[in-house]
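Observations on the model geometry
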Amino acid sequence: GESVGLHLPTLSVQEGDNSIINCAYSNSASDYFIWYKQESGKGPQFIIDIRSNMDKRQGQRVTVLLNKTVKHLSLQIAATQPGDSAVYFCAEGWGGKLIFGQGTELSVKP
Amino acid sequence: GAGVSQSPSNKVTEKGKDVELRCDPISGHTALYWYRQSLGQGLEFLIYFQGNSAPDKSGLPSDRFSAERTGGSVSTLTIQRTQQEDSAVYLCASTAGLGHNEQFFGPGTRLTVL
């Protein structure tokens, strides 16, 4: 069945370092992918998305890379800050439906 | 409204009782989604609405779960004869419509079934 999974369930980084969160997806028909950030007790917050016809997209301090050959998605956070500590979810979408992965917890050490 | 709102924020109920969860999407958003999130888990898709119609109900876990949306705005998710395994956070999200990828989430309703 369709699934989206994450390689690393937890990630601990030093403040100021770059973070890379990885995700594998299985549905080659997915036409867009989204990264969400979820802080404790809150709903997920949109970070960045990328369409399947792209392989890279940059936002403010974040970059998403898409490798359709190996069905891999990554989120890079530059100069990670304590406020970046949260659970990060990747999701794949098609036709309005969005399937989420299990999440990676990012912990930023001061 | 300024954002997606959900009510109640917390609901404790006894096994076997029915519950209704409410979602108010962002004004003007035509698409509305319901998800379930168990503790420490990812989001499980339940159902989505485009306007008042629900083209995809495949995520509803059983026939005890139903959802409706009237007037293209507010949606209610109803769980009948609740079971302990229904305990989770139920999240609602809305988007401006198909083709608009960014889903704006509400804070969720934490449901506890005793």
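Here we summarise the structure given alongside this text.

Rules behind the numbers
Residues numbered from 1 in each chain as written. Chains lettered and ligands numbered in written order. Predicted model: local features only at pLDDT ≥ 70, side-chain atom pairs only at ≥ 80, totals over all residues. Heavy atoms only, no water. Pairing = 2+ DSSP bridges. Helix = DSSP H or I, 4+ residues; strand = E, 2+ residues; numbered from the N terminus. Axes fitted to C-alpha atoms, helices over the stretch in contact; angles between N-to-C directions. Disulfide = S-S within 2.5 Å. Buried < 20%, exposed > 50% of the residue type's maximum accessible area, 1.4 Å probe, protein only. Phe/Tyr/Trp six-rings, centres within 6.5 Å; stacked < 30°, edge-to-face > 60°.

Looking at the sheet that holds strand S7 (residues 65-69) of chain B
All names here are of chain B. Pairing is antiparallel across the open sheet formed by four strands, whose spatial order is S1-S3-S8-S7. Of all strands in the sheet, those bounded by a partner on one side alone are strand S1 (5-7) and S7. Strand-to-strand twist of the sheet, defined as the mean angle between neighbouring strand axes without regard to direction, takes the value 15°. Bridge analysis of S1 against strand S3 (residues 19-24) gives three bridges, and the strand direction is antiparallel. Looking at the pairing, Ser-7 lines up with Arg-22 of S3.

A closer look at the state of the cysteines
For the structure shown, the criterion picks out two disulfides over all chains. At a sulfur-sulfur separation of 1.8 Å, the disulfide partner of A:Cys23 is A:Cys90. Here A:Cys23 and A:Cys90 share a disulfide; its torsion about the S-S bond, 55°, makes the bridge right-handed. Note that A:Cys23 is positioned in strand S3 (residues 19-25) and A:Cys90 in strand S9 (residues 86-94), a separation of 67 residues in sequence. The disulfide partner of B:Cys23 is B:Cys92, and the gap between their sulfur atoms is 1.8 Å. Judged by the torsion about the S-S bond (-65°), the B:Cys23/B:Cys92 disulfide is left-handed. Note that B:Cys23 is positioned in strand S3 and B:Cys92 in strand S9 (residues 88-95), a separation of 69 residues in sequence. The class for B:Cys92 is buried, based on a relative accessible area of 0%.

Digging into unusual backbone geometry
The peptide bond linking B:Ser7 to B:Pro8 adopts the cis configuration, its omega dihedral lying at -10°. In this structure, B:Pro8 sits in the loop between S1 and strand S2 (10-13). The phi dihedral of A:Arg61 is positive, around 65°, even though this residue is not glycine. When you line up the elements, A:Arg61 lands in the loop between strand S6 (56-58) and strand S7 (62-67).

Some thoughts on the packing of aromatic side chains
Enumeration over the complete set of coordinates arrives at 12 aromatic pairs over all chains. Taken together, a centroid distance of 6.4 Å and an interplanar angle of 80° make the contact between A:Phe89 and A:Phe100 edge-to-face. Of this pair, A:Phe89 sits in strand S9 while A:Phe100 sits in strand S10 (residues 97-100); the two residues are 11 residues apart in sequence, bridging distant segments of the chain. Judged on exposure class, the residue A:Phe89 and its partner A:Phe100 are both buried. Here B:Tyr35 and B:Phe105 contribute two aromatic rings whose centre-to-centre distance is 5.6 Å and whose plane-to-plane angle is 35°, an arrangement assigned as tilted. A residue pair is termed long-range when its members are at least 10 positions apart, and B:Tyr35 in strand S4 (residues 31-37) and B:Phe105 in strand S10 (residues 104-105) qualify at 70 residues. Of the two residues examined, B:Tyr35 and B:Phe105, each falls in the buried class. Among the aromatic residues, ring-to-ring pairing joins A:Tyr36, A:Phe46, A:Phe89, A:Phe100, B:Tyr33, B:Tyr35, B:Phe45, B:Tyr48 and B:Phe105 into one connected group.

Coordinates in, geometry out; function isn't part of it.
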